[in-house]
Amino acid sequence: MKKLVSLGVAALSLGLAADYAAEGDLWWAHIQYLADDSLQGRDTGSDGYRKAVEYVAGKMEKFGLAAAGSDGYLQPVKFETRQLVEEESSAALVRDGQEEKLERGDATLSARADAGTVDAPMVFVGYGLRIPEANFDELAGIDLKGKIAVYVNSAGPAEAPGPVKSHAGSAAERWKTLKAAGAIGVATIMSPRTPVGANPNAAPDGTGPAAGRGGGGGRGPQKSFLLADTTLQEQSGQNIALAITRAGGEKFFAGSGHTYQELLDLAKENKPLPKFPLAATLRAKVAMKRETAEAPNVVGMLAGSDAKLKGEYVIMSAHLDHTGVGRPVNGDSINNGAMDDASGIASILEIARIMKTEGMKPKRSILFLAVAAEEKGELGSRYFAMKPTVDARQIVADINLDMFMPLFELKFVEVQGLAESTLGDTIRDAAKEFGVVVQADKEPDQNRFIRSDQYSFIRNGVPSLAFKFGYEFGTPEDKIFHDWIRDRYHKPSDDLNQPVDKAAAAKFDRMIASLLLRVANTENRPSWKNDSFFKRFAK
Ligand SMILES: [Zn+2]
């Protein structure tokens, strides 16, 4: 009896009327196209990416969304690409006029910096962080003018909430701070705390100059992407960026009174680090091949039904690009990106289809947004957030899907940004409707809330959420999740031959559709909680 009663109530909602098996197949069909080998991993600017764009724009049109780009469904985005010319580039340490050439294995020069010749002193600045909220300032009293800041790229010991630390530790924010202190470049030491491959949703080329993962691996130097619009470039003023490797570490610190190993050991425990000038100066010549590329965002709109509220926009976003063709693994070199993030694109298409075919009439307008260049450092979403095709002040929320991991039943949904805004309350209501339990981010150290496209909107003051299928510690689902990260994340095996729970994905899509409808229909637009760190960005 009890069960019957609850079924009767739930039948009123979107949930139980749906045929999850059939809808799961429709969802999967999009992934079958987008993650097919013929799309070559959808690298930003490639032919495969263009095919993906045509597919998504075509489906948006078919499902009845209005074109909401600047050119039909498209918003063209221009990029500048930079690739190191290794034969013409060199770096050396200079002590007492003696030059010690750095070998290729000692340090990796980044193509993100502005290039040219550099001859400058280096200062070790610990983690290179200034976090006023935590009374933590590693740059206090340090003269960085005209110098290269050497730092360990990890979170450090500051006592502050996760979002505060991850924001301060983002590549853009760290550089802004170092640049303000006078630095002309950076040399980074990779965090000894981050195990390889444990970084879901990291933007490999945007998290630091040591980019080495993803497309282009094993095919010569990595190509870095920057937005061509110089006012949106966040690495400006950086004359040199290099990553110090384990092999080259001790060379940099010789004569400084400290060893590389000693600093690494402290950093491993997130302990405070000393600050000191290095004995050597860095002399480098960096040559770059510069080209341009273009890759559009794709935007479709379900217009709002309320005369007043339709001028406000809820964004439903996912990234269309992946990392392209890379180093072969077991003979396969195509990074198909089925879960990352063809799955998210498939969901936004399915959600659009469901909302249109079922005649849902949201009061606010909903923008379905497929962005370019997430894997190049969240560039497509940043471009859209800064140069939206609608009034920027009227964007009320971003709901982003990036690798939501439908690998098992949907019993729990893990929500990033749950405590930050009123959207956290709204997802609780939507999840409840589907009998899904909401969980907070279980691995806050991974900083996932600021590591995908929602961050582009968050930094513009827009409340946002992102999601993963949740699980409980020590369960088979916990193992499936982490095995996936280890075995398939940013590898050719994130392809069409992997076990996925399609019906669970369909249920998730219905739940997100319900969330969107709730966000679009509530009287007040979503707002940051008063104690949220991100409230400061609200305009
Ligand atoms: Zn992704």
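Scroll up for the structure.
An account of the accompanying structure is given in this report. As the structure is a computational prediction, the values presented were derived from the model and not from experiment.

Focus: the coordination of the zinc ion
Each protein donor to the zinc ion is listed here as His 319 (NE2), Asp 340 (OD), Asp 402 (OD) and Asp 402 (OD); together their distances run 2.0 to 2.6 Å. Coordination at the zinc ion is irregular, judged from the four donor atoms that bind it and the angles of 53 to 150° they form at the metal. Donor residues for the zinc ion sit on one chain with the sequence pattern H-x20-D-x61-D. On the criterion of sequence distance, the pair formed by His 319 in strand 17 (residues 313-319) and Asp 340 in helix 9 (residues 338-357) is long-range, its members being 21 residues apart.

As for the sheet that holds strand 6 (residues 107-109)
Paired through their backbone hydrogen bonds, the strands of a sheet run either parallel or antiparallel. The eight strands lie next to each other as 5-4-14-7-10-11-13-6, forming an open sheet whose pairing is mixed. The sheet terminates laterally at strand 5 (98-101) and strand 6, the two strands that pair on one side only. For this sheet, the mean angle separating the axes of adjacent strands, direction not counted, is 30°. For strand 7 (residues 116-124) and strand 10 (residues 148-153), the ladder comprises three bridges, and the chain directions are parallel. Bridge assignment links Met 122 to a residue of strand 10, and that residue is Ile 148.

Details of the environment of Ser 46
Within the secondary structure layout, Ser 46 lies in the loop between helix 3 (20-34) and helix 4 (47-62). Note: C-alpha distance between Ser 46 and Ala 293 (247 residues apart in sequence) is 8.9 Å.

Comments concerning the packing of helix 9 against helix 14 (residues 502-521)
Packing of helix 9 against helix 14 leaves a shortest axis separation of 9 Å and a crossing angle of 65°. Considering only the axes of helix 9 and helix 14, their crossing is right-handed. Contact with helix 9, carried on its side by Ser 347, Glu 350, Ile 351, Ile 354 and Met 355, involves Asp 509, Arg 510, Ile 512, Ala 513, Leu 516 and Leu 517 of helix 14 and no other residues of that element. Looking at the contact of helix 9 with helix 14 residue by residue, the class counts come to seven nonpolar, one polar and three charged.

Quick notes on the packing of aromatic side chains
In this structure the tally under the stated criterion is 20 aromatic pairs. For the ring pair Phe 534 and Phe 537, a centre distance of 6.5 Å and an interplane angle of 35° mean the geometry is tilted. Judged by its relative accessible area of 0%, Phe 534 is buried. When the ring centre of Tyr 471 is taken as reference, the NZ or CZ atom of Lys 442 above it lies at 4.1 Å.

Focus on the sheet that holds strand 3 (residues 78-84)
Strand order in the open sheet formed by three strands is 12-3-15, with antiparallel pairing between adjacent strands. Pairing within the sheet leaves two strands with one partner each, and these edge strands are strand 12 (223-227) and strand 15 (288-294). Taking each pair of neighbouring strands and ignoring which way they run, the sheet shows an average axis angle of 30°. Here helix 10 (residues 379-386) sits on the sheet and contacts strand 3 and strand 12; the angle it forms with strand 12, its principal contact strand, is near 5°.

A closer look at the pattern of salt bridges
Two side chains bearing opposite charge may form a pair once their charged atoms approach each other closely. What the rule picks out here adds up to 31 salt bridges. Its salt-bridge partner being Arg 364, residue Glu 312 comes within 2.6 Å of it at the nearest N-O pair. Of this pair, Glu 312 sits in the loop between strand 16 (297-302) and strand 17 while Arg 364 sits in the loop between helix 9 and strand 20 (365-371), and the two are 52 residues apart along the sequence. Between Arg 486 and Asp 487 there is a salt bridge, with its nearest N and O atoms 2.9 Å apart.

Some words on unusual backbone geometry
The omega angle of the peptide bond from Asp 340 to Asp 341 is 0°, so this bond is cis rather than trans. Positionally, Asp 341 belongs in helix 9. Positive phi outside glycine occurs at Gln 40, with the angle close to 50°. Checked against the element boundaries, Gln 40 lands in the loop between helix 3 and helix 4. Although it is not a glycine, Ala 373 sits at a positive phi angle of roughly 60°. Judged by relative accessible area, Ala 373 falls into the buried class, the value being 0%.

Details of the pairing of strand 23 (residues 437-440)
Here strand 22 (residues 412-416) pairs with strand 23 via four bridges, running parallel. Note that in strand 23 the partner of Val 415 across the bridge is Ala 440. Following the chain from strand 22 across helix 11 (residues 423-433) to the adjacent parallel strand 23, one finds a crossover that is right-handed.

Structural notes on the packing of helix 5 (residues 162-169) against helix 6 (residues 171-180)
Their axes nearest at 5 Å, the elements helix 5 and helix 6 cross at an angle of 65°. With respect to each other, helix 5 and helix 6 are oriented roughly perpendicular. Across the interface between the two elements, His 167, Ala 168 and Gly 169 of helix 5 pack against Ala 171, Glu 173 and Arg 174 of helix 6. The residue inventory of the contact of helix 5 with helix 6, partitioned by class, reads two nonpolar, two polar and two charged.

What to know about the pairing of strand 11 (residues 185-190)
In the case of a regular strand, side chains alternate between the two sheet surfaces. Burial within strand 11 is extensive, with five of its six residues counted as buried. Two elements, strand 10 and strand 11, share six bridges in a ladder whose sense is parallel. What sits directly across from Ala 149, in strand 11, is Val 186. Direction of pairing for strand 11 relative to strand 13 (residues 240-244): parallel, over a ladder of five bridges. In the strand pairing of strand 13, Thr 188 is matched with Ala 243.

What counts as what
Residues numbered from 1 in each chain as written. Predicted model: local features only at pLDDT ≥ 70, side-chain atom pairs only at ≥ 80, totals over all residues. Heavy atoms only, no water. Donors = N, O, S within 2.8 Å, 3.2 Å for Na, K, Ca; no water. Tetrahedral: all angles 85-135°; square planar, octahedral: opposite > 155°, others 65-115°. Helix = DSSP H or I, 4+ residues; strand = E, 2+ residues; numbered from the N terminus. Pairing = 2+ DSSP bridges. Axes fitted to C-alpha atoms, helices over the stretch in contact; angles between N-to-C directions. Left-handed = near helix turned anticlockwise from the far one by under 90°. Contact = heavy atoms within 4.5 Å. Nonpolar A, V, L, I, M, F, W, Y, C, P; charged D, E, K, R; others polar. Phe/Tyr/Trp six-rings, centres within 6.5 Å; stacked < 30°, edge-to-face > 60°. Buried < 20%, exposed > 50% of the residue type's maximum accessible area, 1.4 Å probe, protein only. Lys NZ or Arg CZ within 6 Å of the ring centre and 35° of its normal. Salt bridge = Lys/Arg side-chain N within 4 Å of Asp/Glu carboxyl O. Right-handed = clockwise from strand over helix to strand, strands pointing away. Parallel < 35°, antiparallel > 145°, perpendicular 65-115°, else oblique.

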